[in-house]
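# Working through the structure, step by step
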Amino acid sequence: MDEATLQFYRGNAEAYAGRTFTSRQARLIAFLAQLPPGACILELGCGAGGDTAEMLARGFEVRATDGSPEMADIASKHLGRTVETLLFQDLDDIEAYDAVWANACLLHVPRDELSRILSLIWRALKPEGYFFASYKEGNAGGRDTLNRYYNYPSQDWLRATYADAGNWNSLSIESGEVKGFDDKMASMLFVVAQKGG
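Residues numbered from 1 in each chain as written. Predicted model: local features only at pLDDT ≥ 70, side-chain atom pairs only at ≥ 80, totals over all residues. Heavy atoms only, no water.

## Observations regarding the sheet that holds strand 4 (residues 97-102)
For the record, the criterion: Criterion used throughout: strands pair if DSSP finds at least two bridges between them. Elements are defined by DSSP. Helices are runs of H or I of four residues or more, strands are runs of E of two residues or more, and each kind is numbered from the N terminus.
With mixed pairing, the seven strands of this open sheet are ordered in space as 3-2-1-4-5-9-8. Of all the strands in the sheet, the pair left with one neighbour each is strand 3 (84-85) and strand 8 (168-179). Here strand 4 pairs with strand 5 (residues 125-136) via five bridges, running parallel. Bridge pairing in strand 5 links Val-100 to Phe-131.

Below is the structure:
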């Protein structure tokens with residue numbers, strides 16, 4: 001991950017953790033409905049652990065991770081269980097998870113590295129496993145007013161990048177708007193993919 005972006009989350013972990021995200025709840029519940037009971041889920045970029053708590057409450061087995069040690073510590077306290085610090089490029093599992101949930105985190109991966117990160121996620125999924133990720137829509141990488149790097153992909157670019165990373169049974173992209181930490185509305189792309197069997 002971009003160093004300035006990682007430092008932002010390390011320095012603002014408490015403030016970021018204090019935010020509530022009601023808009024993503026419906027997407028999470030719809031995603032979980034596709035999974036078998038008790039499915040094993042890898043969560044990347046778990047933040048304060050709000051989504052983790054929802055998954056655990058619904059009986060799923062969750063490996064919650066975040067790239068910021070400070071954020072992982074806050075999530076650990078919130079959840080009463082250990083949350084690991086994991087950078088995307090260090091993911092080395094093979095066919096270990098029924099699903100991967102990566103809400104609002106892969107959007108910080110540099111454009112020229114995203115295909116490689118997606119291939120690591122593809123490898124970590126069991127055959128026919130599901131994968132959710134969200135991105136801020138655009139046409140070129142850049143920084144926001146808080147100096148965080150975003151890859152700002154288009155739908156076509158994302159489809160090509162996912163295809164380059166692995167074989168998917170299906171891939172759907174929905175668009176919507178979300179208010180960011182900077183209090184600005186952002187056009188988002190929500191991707192749900194299923195790994196080939």
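That shown, we press on.
## Regarding the pairing of strand 9 (residues 185-195)
To keep it simple, the criterion reads: Buried residues are those whose accessible area, probed at 1.4 Å on protein chains only, stays under 20% of the maximum for their type, while exposed residues exceed 50% and partly exposed ones sit between those limits.
The buried count for strand 9 comes to eight of eleven residues, which makes it a mostly enclosed element. Connecting strand 8 to the antiparallel partner strand 9 that follows it, the hairpin turn spans five residues, and Asp-183 within it adopts a positive phi of roughly 65°.

## Focus: the pattern of salt bridges
For the record, the criterion: The term salt bridge refers to a side-chain nitrogen of Lys or Arg lying within 4 Å of a carboxyl oxygen of Asp or Glu.
Inspection of every chain in the model, using the stated rule, returns seven salt bridges. The partner of Arg-27 in a salt bridge is Glu-174, and the shortest N-O contact between them spans 2.9 Å. Note that Arg-27 is positioned in helix 3 (residues 25-32) and Glu-174 in strand 8, a separation of 147 residues in sequence. For Arg-27, a relative accessible area of 24% corresponds to the partly exposed category. Taken together, the shared-partner salt bridges connect Arg-63, Glu-84 and Asp-93 into one network.

## Here we look at the packing of helix 6 (residues 111-124) against helix 7 (residues 155-165)
Under the convention used in this document: Fitted lines through C-alpha atoms serve as axes, helices being fitted only where they are in contact, and the angles separating the N-to-C directions of these axes extend from 0 to 180 degrees. Our angle categories are set so that under 35 degrees counts as roughly parallel, over 145 as roughly antiparallel, 65 to 115 as roughly perpendicular, and the remainder as oblique. Two helices that cross are described as forming a left-handed crossing if the nearer one is turned anticlockwise from the farther one by less than a right angle, and a right-handed crossing if clockwise. Contacts are assigned to residue pairs that have any heavy atoms within 4.5 Å of one another.
For the pair helix 6 and helix 7, interaxial distance at closest approach is 8 Å and the crossing angle is 50°. As summarised for this structure, helix 6 and helix 7 are arranged oblique, according to the angle between their axes. Taken as a pair, helix 6 and helix 7 cross one another with a handedness that is right-handed. In contact with Arg-111, Leu-114, Ser-115, Leu-118, Ser-119 and Trp-122 of helix 6, helix 7 contributes Trp-157, Leu-158, Thr-161, Tyr-162, Asp-164 and Ala-165.

## Looking at helix 3
As a reminder, the rule being used: Each direction from the helix axis to a C-beta atom contributes to the arc, which is the arc of those directions.
Residues Leu-28, Phe-31 and Leu-32 constitute the buried set of helix 3. Along the long axis of helix 3, the arc covered by the buried residues comes to 95°, so they all point the same way. Next to the buried residues of helix 3 lie strand 1 (40-43), helix 4 (50-57), strand 4, strand 5 and strand 9.

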